[in-house]
Amino acid sequence: MTQPLPKPLAFADAAAGVIAMAHFAGERHWVPATSGNFSVRVDQRFAALTATGADKARLTAADVIEAEIAGPKHPRASAEAPLHHARYAADASVGAVAHIHTVASTVLSRRHEAQGVLRIAGWELLKAFPGVTTHETAIEVPIVPNDQDTERLAALVEERLKNSAPVHGYLIAGHGLYVWGAGAKDAIRHMDAFDFLLTAELHEEQAR
(Lines give C-alpha, C1' and ligand atoms only; values in the text may rest on other atoms or scores of the structure.)
Protein backbone atom coordinates (compact mmCIF):
# COMPACT_ATOMS: atom_id res chain seq x y z
CA MET A 1 0.00 0.00 0.00
CA THR A 2 1.33 3.45 -0.93
CA GLN A 3 2.10 5.57 2.11
CA PRO A 4 0.86 9.20 2.13
CA LEU A 5 3.51 11.87 1.74
CA PRO A 6 4.33 13.94 4.84
CA LYS A 7 2.91 17.45 4.77
CA PRO A 8 5.54 20.19 4.33
CA LEU A 9 6.54 21.82 7.61
CA ALA A 10 7.97 25.17 8.59
CA PHE A 11 11.59 24.75 9.64
CA ALA A 12 10.72 25.79 13.22
CA ASP A 13 8.13 23.02 13.45
CA ALA A 14 10.52 20.45 12.00
CA ALA A 15 13.21 21.58 14.46
CA ALA A 16 10.73 21.17 17.33
CA GLY A 17 10.21 17.56 16.22
CA VAL A 18 13.97 16.98 16.16
CA ILE A 19 14.27 18.38 19.68
CA ALA A 20 11.37 16.24 20.94
CA MET A 21 12.98 13.06 19.61
CA ALA A 22 16.39 14.00 20.99
CA HIS A 23 15.06 14.79 24.46
CA PHE A 24 12.99 11.60 24.53
CA ALA A 25 16.10 9.56 23.72
CA GLY A 26 18.27 11.54 26.10
CA GLU A 27 15.94 10.94 29.03
CA ARG A 28 16.37 7.20 28.41
CA HIS A 29 20.18 7.33 28.06
CA TRP A 30 20.06 6.22 24.42
CA VAL A 31 22.46 8.94 23.19
CA PRO A 32 25.56 8.73 25.43
CA ALA A 33 28.52 11.07 24.95
CA THR A 34 26.75 13.28 22.34
CA SER A 35 26.07 10.23 20.13
CA GLY A 36 22.94 9.74 18.06
CA ASN A 37 21.27 11.87 15.40
CA PHE A 38 17.74 13.02 14.67
CA SER A 39 16.03 14.62 11.70
CA VAL A 40 12.62 15.69 10.44
CA ARG A 41 11.73 16.31 6.81
CA VAL A 42 10.76 19.91 6.07
CA ASP A 43 9.65 19.13 2.51
CA GLN A 44 10.86 17.07 -0.44
CA ARG A 45 14.02 19.19 -0.67
CA PHE A 46 15.07 20.04 2.90
CA ALA A 47 15.33 18.39 6.32
CA ALA A 48 16.05 19.65 9.83
CA LEU A 49 18.94 17.71 11.43
CA THR A 50 20.95 17.71 14.62
CA ALA A 51 24.26 19.53 14.18
CA THR A 52 27.55 17.76 14.73
CA GLY A 53 28.79 17.53 18.31
CA ALA A 54 25.49 18.62 19.88
CA ASP A 55 24.47 17.13 23.22
CA LYS A 56 21.24 15.46 22.15
CA ALA A 57 19.88 15.16 25.68
CA ARG A 58 20.06 18.96 26.02
CA LEU A 59 19.38 19.88 22.41
CA THR A 60 18.19 23.41 21.66
CA ALA A 61 17.01 25.13 18.49
CA ALA A 62 20.56 26.45 17.98
CA ASP A 63 21.72 22.83 17.59
CA VAL A 64 19.38 22.09 14.66
CA ILE A 65 20.38 22.85 11.07
CA GLU A 66 18.44 22.94 7.81
CA ALA A 67 20.15 20.95 5.07
CA GLU A 68 19.35 19.96 1.51
CA ILE A 69 18.48 16.29 1.20
CA ALA A 70 20.30 15.94 -2.12
CA GLY A 71 22.49 19.03 -1.94
CA PRO A 72 26.03 19.80 -0.79
CA LYS A 73 27.03 18.88 2.74
CA HIS A 74 26.04 21.45 5.34
CA PRO A 75 29.14 22.77 7.17
CA ARG A 76 27.64 21.78 10.55
CA ALA A 77 26.27 18.41 9.44
CA SER A 78 27.36 15.34 11.36
CA ALA A 79 29.25 12.51 9.71
CA GLU A 80 26.07 10.40 9.84
CA ALA A 81 23.88 12.89 7.99
CA PRO A 82 24.12 10.85 4.72
CA LEU A 83 22.20 8.00 6.39
CA HIS A 84 19.32 10.39 7.09
CA HIS A 85 19.40 11.98 3.65
CA ALA A 86 19.43 8.56 2.00
CA ARG A 87 16.23 7.51 3.79
CA TYR A 88 14.43 10.67 2.68
CA ALA A 89 15.67 10.31 -0.89
CA ALA A 90 14.71 6.63 -1.09
CA ASP A 91 11.25 6.88 0.48
CA ALA A 92 9.15 10.02 0.07
CA SER A 93 6.79 8.83 2.86
CA VAL A 94 9.53 9.05 5.51
CA GLY A 95 9.05 12.20 7.57
CA ALA A 96 11.47 11.64 10.47
CA VAL A 97 14.58 9.57 11.17
CA ALA A 98 16.17 8.75 14.54
CA HIS A 99 19.51 7.13 15.34
CA ILE A 100 20.15 5.86 18.88
CA HIS A 101 22.73 3.77 20.74
CA THR A 102 20.82 1.50 23.10
CA VAL A 103 22.70 -1.30 24.82
CA ALA A 104 20.42 -3.99 23.40
CA SER A 105 20.66 -2.74 19.81
CA THR A 106 24.43 -2.46 19.99
CA VAL A 107 24.99 -5.90 21.53
CA LEU A 108 22.49 -7.75 19.33
CA SER A 109 23.78 -6.07 16.18
CA ARG A 110 27.25 -7.53 16.85
CA ARG A 111 25.95 -10.91 17.95
CA HIS A 112 23.88 -11.40 14.78
CA GLU A 113 26.07 -9.57 12.28
CA ALA A 114 27.08 -12.78 10.49
CA GLN A 115 23.42 -13.62 9.83
CA GLY A 116 22.79 -10.14 8.45
CA VAL A 117 19.37 -9.98 10.07
CA LEU A 118 17.69 -10.17 13.47
CA ARG A 119 14.32 -11.94 13.49
CA ILE A 120 11.86 -10.70 16.11
CA ALA A 121 8.73 -12.81 16.50
CA GLY A 122 5.77 -13.37 18.79
CA TRP A 123 5.95 -10.26 20.96
CA GLU A 124 2.76 -8.25 21.57
CA LEU A 125 4.59 -4.96 21.10
CA LEU A 126 5.18 -5.74 17.43
CA LYS A 127 1.73 -4.17 17.06
CA ALA A 128 3.36 -0.77 17.64
CA PHE A 129 4.42 -0.83 13.99
CA PRO A 130 2.04 0.24 11.20
CA GLY A 131 0.15 -2.60 9.59
CA VAL A 132 0.85 -5.14 12.35
CA THR A 133 -2.36 -6.31 14.03
CA THR A 134 -1.29 -9.46 15.89
CA HIS A 135 1.58 -10.80 17.94
CA GLU A 136 1.53 -13.87 15.69
CA THR A 137 3.94 -12.31 13.25
CA ALA A 138 7.65 -11.66 12.78
CA ILE A 139 9.83 -8.89 11.43
CA GLU A 140 13.37 -9.23 10.13
CA VAL A 141 15.55 -6.27 11.02
CA PRO A 142 18.49 -5.87 8.60
CA ILE A 143 22.00 -5.68 10.06
CA VAL A 144 24.76 -4.02 8.06
CA PRO A 145 28.47 -3.90 8.92
CA ASN A 146 29.78 -0.62 10.29
CA ASP A 147 31.76 1.67 8.00
CA GLN A 148 33.33 5.06 8.72
CA ASP A 149 32.62 6.05 5.11
CA THR A 150 28.99 7.00 5.74
CA GLU A 151 28.20 7.75 2.09
CA ARG A 152 29.16 4.18 1.25
CA LEU A 153 27.34 2.89 4.32
CA ALA A 154 24.16 4.77 3.36
CA ALA A 155 24.25 3.24 -0.12
CA LEU A 156 24.66 -0.25 1.38
CA VAL A 157 21.77 0.31 3.78
CA GLU A 158 19.41 1.46 1.07
CA GLU A 159 20.34 -1.50 -1.13
CA ARG A 160 19.55 -3.86 1.76
CA LEU A 161 16.25 -2.13 2.52
CA LYS A 162 15.23 -2.21 -1.14
CA ASN A 163 15.63 -5.99 -1.11
CA SER A 164 14.06 -6.60 2.32
CA ALA A 165 10.50 -6.93 3.54
CA PRO A 166 9.01 -3.63 4.79
CA VAL A 167 10.48 -2.66 8.14
CA HIS A 168 10.80 0.52 10.20
CA GLY A 169 14.38 0.16 11.37
CA TYR A 170 17.80 -1.37 10.81
CA LEU A 171 20.91 -2.11 12.85
CA ILE A 172 24.54 -1.20 12.23
CA ALA A 173 26.83 -3.80 13.75
CA GLY A 174 28.44 -2.60 16.97
CA HIS A 175 26.94 0.82 16.42
CA GLY A 176 23.23 1.09 17.05
CA LEU A 177 19.74 1.47 15.65
CA TYR A 178 18.09 3.62 12.98
CA VAL A 179 14.31 4.02 12.90
CA TRP A 180 11.94 6.21 10.92
CA GLY A 181 8.29 7.14 10.61
CA ALA A 182 5.84 9.51 8.99
CA GLY A 183 6.73 12.16 11.56
CA ALA A 184 8.52 12.74 14.85
CA LYS A 185 5.73 11.15 16.93
CA ASP A 186 5.89 7.98 14.85
CA ALA A 187 9.69 7.85 15.08
CA ILE A 188 9.46 8.22 18.87
CA ARG A 189 6.98 5.33 19.04
CA HIS A 190 9.25 3.20 16.89
CA MET A 191 12.31 4.02 19.02
CA ASP A 192 10.41 3.02 22.13
CA ALA A 193 9.00 -0.17 20.59
CA PHE A 194 12.33 -1.30 19.16
CA ASP A 195 14.10 -0.67 22.47
CA PHE A 196 11.60 -2.86 24.32
CA LEU A 197 11.63 -5.60 21.69
CA LEU A 198 15.42 -5.69 21.40
CA THR A 199 15.80 -5.68 25.19
CA ALA A 200 13.33 -8.56 25.43
CA GLU A 201 15.26 -10.47 22.75
CA LEU A 202 18.55 -9.86 24.56
CA HIS A 203 17.15 -11.09 27.89
CA GLU A 204 15.67 -14.17 26.23
CA GLU A 205 18.94 -15.02 24.52
CA GLN A 206 20.88 -14.63 27.75
CA ALA A 207 18.44 -16.93 29.56
CA ARG A 208 18.95 -19.81 27.13
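In what follows, the accompanying structure is described. (Residues numbered from 1 in each chain as written. Predicted model: local features only at pLDDT ≥ 70, side-chain atom pairs only at ≥ 80, totals over all residues. Heavy atoms only, no water.)

As for the overall build of the chain
Scanning the chain from terminus to terminus reveals five helices and eight strands. In terms of overall size, the chain behaves like a compact globule, its C-alpha atoms giving a radius of gyration of 16 Å where 208 residues would be expected to give roughly 17 Å. In terms of principal-axis extent, the alpha carbons of the chain reach across some 45 × 40 × 30 Å. Looking at the chain residue by residue over its 208 residues, the buried ones come to 51%. Residue pairs at least 24 apart in sequence account for 64% of intrachain contacts in the chain once pairs closer than 6 positions are excluded. A total of about 10000 Å² of accessible surface is found on the chain, and carbon and sulfur atoms cover 55% of it. (Helix = DSSP H or I, 4+ residues; strand = E, 2+ residues; numbered from the N terminus. Rg over C-alpha atoms; globule rule 2.2 N^0.38 Å. Buried < 20%, exposed > 50% of the residue type's maximum accessible area, 1.4 Å probe, protein only. Contact = heavy atoms within 4.5 Å. Areas by Shrake-Rupley, 256 points an atom, 1.4 Å probe, with all protein chains shown as cover.)

So, the nonpolar core
Judged by nonpolar contacts, the single largest core of 44 residues is most densely connected at Met 21, Phe 38, Ile 100, Ile 120, Phe 129, Met 191 and Leu 198. Elements that contribute at least two residues to this core include exactly α1 (11–27), β1 (37–41), β4 (96–100), α3 (103–111), β5 (117–121), β6 (138–144), β8 (176–181) and α5 (184–207). Here the element with the most residues in this core is α5; it accounts for nine residues. When sequence neighbours within four positions are dropped, the list of residues in contact with Leu 198 reads Ala 104, Ser 105, Leu 108, Leu 118, Ile 120, Leu 171 and Leu 177. Grouped together as the second largest cluster of nonpolar side chains are 23 residues, Leu 49, Tyr 88, Tyr 170 and Ile 172 included. (Core = buried A, V, L, I, M, F, W, Y, C linked by side-chain atoms within 4.5 Å.)

Some points on the packing of aromatic side chains
Applying the stated criterion across every chain, the model contains four aromatic pairs. Between Tyr 170 and Tyr 178, the ring centres sit 5.1 Å apart and the planes meet at 10 degrees, which makes this aromatic pair stacked. Neither Tyr 170 nor Tyr 178 differs from the other in exposure class; each is buried. Above the ring of Phe 24, the side-chain terminus of Arg 28 is found at 3.5 Å from the ring centroid. (Phe/Tyr/Trp six-rings, centres within 6.5 Å; stacked < 30°, edge-to-face > 60°. Lys NZ or Arg CZ within 6 Å of the ring centre and 35° of its normal.)

Digging into the pattern of salt bridges
Here the structure, examined in full by the defined rule, presents nine salt bridges. Among the salt bridges present, the one from Glu 27 reaches Arg 28, with a minimum N-O distance of 3.4 Å. Two residues, Glu 124 and Lys 127, come together in a salt bridge whose shortest N-O distance is 2.8 Å. (Salt bridge = Lys/Arg side-chain N within 4 Å of Asp/Glu carboxyl O.)

Observations concerning the sheet that holds strand β2 (residues 46–50)
Read across the sheet, eight strands follow the order β3-β2-β1-β4-β8-β7-β6-β5 without closing on themselves; strand pairing throughout is mixed. The open sheet has two edge strands with one neighbour each: β3 (64–68) and β5. On average, adjacent strands in this sheet sit at an angle of 20 degrees to one another, irrespective of strand direction. Sheet topology places β1 next to β4; four bridges connect them, and they run antiparallel. In the strand pairing of β4, Phe 38 is matched with Ala 98. Contacting β1, β2, β3, β4, β7 (169–172) and β8, helix α2 (residues 81–90) crosses the sheet at an angle of about 30 degrees to β1. In this fold helix α4 (residues 150–162) packs onto β6, β7 and β8, with an angle of close to 155 degrees to the strand it touches most, β6. (Pairing = 2+ DSSP bridges. Axes fitted to C-alpha atoms, helices over the stretch in contact; angles between N-to-C directions.)

Read these as spatial facts, not as claims about activity.
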